[in-house]
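These are the residues of each chain, in order.
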Amino acid sequence: MPLTNTKFITDIVKQAAAKARQEVSNEPEPELTEPISWPVECTVGPGLEGAIACETKIGYVNGTRGSLIYRGYDIFDLCAEASYEEVSYLLLHGNLPDADALTGFSDQMQEFRLIPKTLRLIMGFPVQDMNPMAALRMGTNLMRQYQTERDQVGAASAGTKVIASDDDSIPMEREKTGDRRAAFEFSDRNANRPRRRAKAKREQAEARGLESCYHLIAGVGTLTAAIERVRMGHMPIEPDPELSHAGNLLYMMTGRRPYPVEQRIMDICLTLHADHGMNASTFAAMVVASTLSDIYFSIGSGIGALNGPLHGGANEAVIHMLNQIGSSRRVGSWYKEARANKTKIMGFGHRVYKAYDPRARVLGPLAEFLVERSGRKDMQKLLATAKELEKRVIADLGERKGIFPNVDFYSGIVYSCLGIPPEMFTPIFAVSRVAGWTARVLEYLKNNRIFRPRGIYVGDLDRPFKPLADRG
Ligand code: COA
């Protein structure tokens, strides 16, 4: 298979879509797709399961059918036909961009991908020894430099708009070296003039909040790649203006320009992870934004929530689990023991999906394609183990408990074949999801109401107070 034939990848997505449409209908759940009037009655479980917190036009997860929609478009169509840039624009603006809008958006992303000052700041920390998600969370906070408008007295009364931080302003590492020879170079500040003009233009822009979203969407990619470079003992690489967001991510991480096929697959991965309802990290980001804190803090909170193994950390856990099982022949005995110990099988089950996750439908065949192409024996073994485990779990828990593979089951194999180490899987998830986080935060702030659920107090009510001397 030529590494430039991206049509082949589109065909894989279309086949997955056809299979999904044959097996499930796209019929929406009326209780989750019809406008409501507040206050609304709903049945709420622990962890706010079932709670309705807002109305949204951004995305819909149909857990019963196993379908996913962004702004009205089926995820399969977006994966087959659109780029991550188009999808990010769609999530933020509500419509797919026309050619001019897409060029404008891509240009801004290209500009914001350069965050030399943030990188210089983060290099002052022991990034190579840190959990990459901790470094990423810190990095997004470092992107918020100096004071923002939000810090000024009276800012809260100026409305609920999200505002941008000051931009990075010191260009660095101007050479595209792509290898160990990379070095930081602080060039003449005058080289910044075109950027300053662009900044002046941007300042005229009406939607200032959107700018910080673009800044974050572009910057989280650069940060993630830089963190991986530093972990590997290299210097960060400057983005390549010729490459897409997905292409740049792979290039800046690995130092090698990706083949079109790899770039296309990474793009699909970013599209698949861009938004997913009010999941824990999105909710965390929204909660922080609802206090009128700014979007940099909000996204940092999303990253914190995504880090957990029950959320974004699951694909890394899947790879460890598959390695621990060892081979497809050992799946039977491993599974028996796991069930006996009530161990949750990583990469299966979902709070919303009680059907096959449509994202796994795309990632499974992409993993097969990449493993076959790689010729790597270790990956073949991992994939064979995964396939066998999938059969077991579906046979045992599919119909009975609505437990099927979720997005994390195959994504780790895909990323491994693209040369990404397991520790970077969750940061890659954040690179994509930042589009959904920012879009949902912006939307929520238009009708902001600070989040404030209540807990039911089940503790004692009238304990007599004992002074320290009497407590024994
Ligand atoms: N393996 C085995 N059993 C599972 C399971 C899994 N991965 N996920 C759920 N179950 C079972 C539970 O044991 C429980 O069984 P019970 O009714 O006999 O007690 C039932 O399904 C409901 O589980 P619960 O944990 O209440 O579901 P949830 O909606 O709260 O959990 C997840 C959703 C994602 C947290 C859960 O499925 C999980 O931990 N999966 C593994 C981690 C993972 O892949 N996360 C990525 C999500 S995209």
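Counting restarts for each chain: residues are numbered from 1 in the order of the written sequence. pLDDT decides what is reported in this predicted model: residues at 70 or higher carry local features, side-chain atom pairs at 80 or more are listed and counted, and totals for whole chains, interfaces and linings draw on all residues regardless. The side-chain values count all of the structure's non-hydrogen atoms but skip hydrogen atoms and water molecules.

1. Some points on the pairing of strand S2 (residues 67-70)
Along S2, one buried face is formed by Ser67 and Ile69 and the opposite face, lined by Leu68 and Tyr70, is buried too. Strands are labelled as partners when DSSP assigns at least two bridges between them. Here a helix means four or more residues in a row that DSSP labels H or I, a strand means two or more in a row labelled E, and each is numbered from the N terminus. Pairing between strand S1 (residues 59-62) and S2: four bridges, direction antiparallel. Directly across from valine 61, in S2, lies its bridge partner leucine 68. Once S1 ends, the chain turns through four residues before running back antiparallel as S2, passing glycine 66 with a positive phi of about 80°. Pairing of S2 with strand S3 (residues 73-74), which is carried by two bridges, proceeds in the antiparallel orientation. Bridge pairing links tyrosine 70 to tyrosine 73 in S3. Taking the residues that link successive antiparallel strands as the turn, the S2-S3 hairpin has two residues, and the phi of arginine 71 there is positive, at about 50°. When a residue's accessible area, from a 1.4 Å probe over protein chains only, is under 20% of the maximum for its type it is buried; when over 50% it is exposed; and in between it is partly exposed.

2. Some thoughts on the pattern of salt bridges
Think of a salt bridge as a Lys or Arg side-chain nitrogen and an Asp or Glu carboxyl oxygen that are within 4 Å of each other. All told, the structure shown has 23 salt bridges when counted by the stated rule. Here aspartate 396 ties to arginine 400 by a salt bridge, and the two come within 3.0 Å at their closest N and O atoms. Here aspartate 396 pairs with arginine 400, and both are found in helix H17 (residues 377-401), just four residues apart, close to one helical turn. Bridged by salt links that share partners, the residues Lys19, Glu23 and Arg361 form one connected network.

3. Some thoughts on the sheet that holds S2
Reading across from one edge, S1-S2-S3 is the order of the three strands in this open sheet, with antiparallel pairing throughout. Each edge of the sheet is formed by a strand with only one pairing partner; in this case those strands are S1 and S3.

4. Section: the packing of aromatic side chains
Each aromatic ring pair is specified by the distance between its two centres and by the angle formed by the two planes. Centres within 6.5 Å make a pair out of two Phe, Tyr or Trp rings, where for Trp the six-membered ring is used; the pair is then stacked when the planes are under 30 degrees apart, edge-to-face when over 60, and tilted otherwise. With the rule as written, the count across this model stands at nine aromatic pairs. Considering the side-chain rings of tyrosine 89 and phenylalanine 105, the 5.8 Å spacing of their centres and the 80° angle between planes classify their relative orientation as edge-to-face. Here tyrosine 89, found in helix H4 (residues 84-93), pairs with phenylalanine 105, found in helix H5 (residues 99-112); they are 16 residues apart in sequence, far enough to count as distant. Each of the two residues, tyrosine 89 as well as phenylalanine 105, counts as buried. Each ring, one from phenylalanine 105 and one from tyrosine 214, has its centre 4.8 Å from the other, and the planes form 80°; the classification is edge-to-face. Linking phenylalanine 105 in helix H5 with tyrosine 214 in helix H9 (residues 208-231), this pair joins segments that are 109 residues apart in sequence. Using a relative accessible area of 8% as the deciding quantity, one classes tyrosine 214 as buried. Ring pairing ties together the aromatic residues Tyr89, Phe105 and Tyr214, which thus form one cluster.

5. Some thoughts on the packing of helix H1 (residues 6-23) against helix H11 (residues 260-273)
Lines are fitted to the C-alpha atoms to define the axes, a helix being fitted only along its stretch in contact, and any angle between axes, read from their N-to-C directions, falls within 0 to 180 degrees. One can describe the packing of H1 onto H11 by two numbers: an axis separation of 8 Å at closest approach and a directional angle of 30°. Between H1 and H11, the interaxial angle falls into the category roughly parallel. For the pair H1 and H11, the sense of crossing is right-handed. Note on element contacts: H11 touches H1 through Pro260, Val261, Arg264, Ile265 and Ile268, opposite Thr6, Ile9, Thr10 and Val13. For this classification, under 35 degrees means roughly parallel, over 145 means roughly antiparallel, 65 to 115 means roughly perpendicular, and everything else is oblique. Handedness of each helix crossing follows the sense of rotation of the near helix against the far helix: counterclockwise by less than a right angle gives left-handed, clockwise gives right-handed. What makes two residues a contact is simply this: any of their non-hydrogen atoms within 4.5 Å.

6. A closer look at the nonpolar core
Core analysis: the largest hydrophobic core is formed by 126 residues, its most contacted members being Ile265, Met266, Leu389, Ile413 and Ile420. The source of the domain bounds is an automatic or database domain assignment. Taken domain by domain, the makeup of this core includes at least three residues from each of domain 1 (7-38 + 45-152 + 182-314 + 424-445) and domain 2 (316-417). Those residues in contact with leucine 389, other than ones at most four positions away along the chain, are Met321, Leu322, Ile325, Val331, Trp334, Tyr335, Ile345, Phe348 and Phe409. Nonpolar core, defined: a set of buried Ala, Val, Leu, Ile, Met, Phe, Trp, Tyr and Cys residues in which side-chain atoms within 4.5 Å join the residues together.

7. Quick look at the confidence of the model for the protein chain
Every residue gets a pLDDT, meaning the predictor's confidence in that residue, from 0 to 100. Looking at the protein chain as a whole, the pLDDT averages 88, with 86% of positions reaching at least 70. Note on residues 156-191: pLDDT under 50 across the span, and 102 contacts to partners over four residues away in sequence or across chains. Across residues 201-206 the pLDDT falls below 50, and counting only partners more than four positions away or on other chains, this stretch makes seven contacts in the model.

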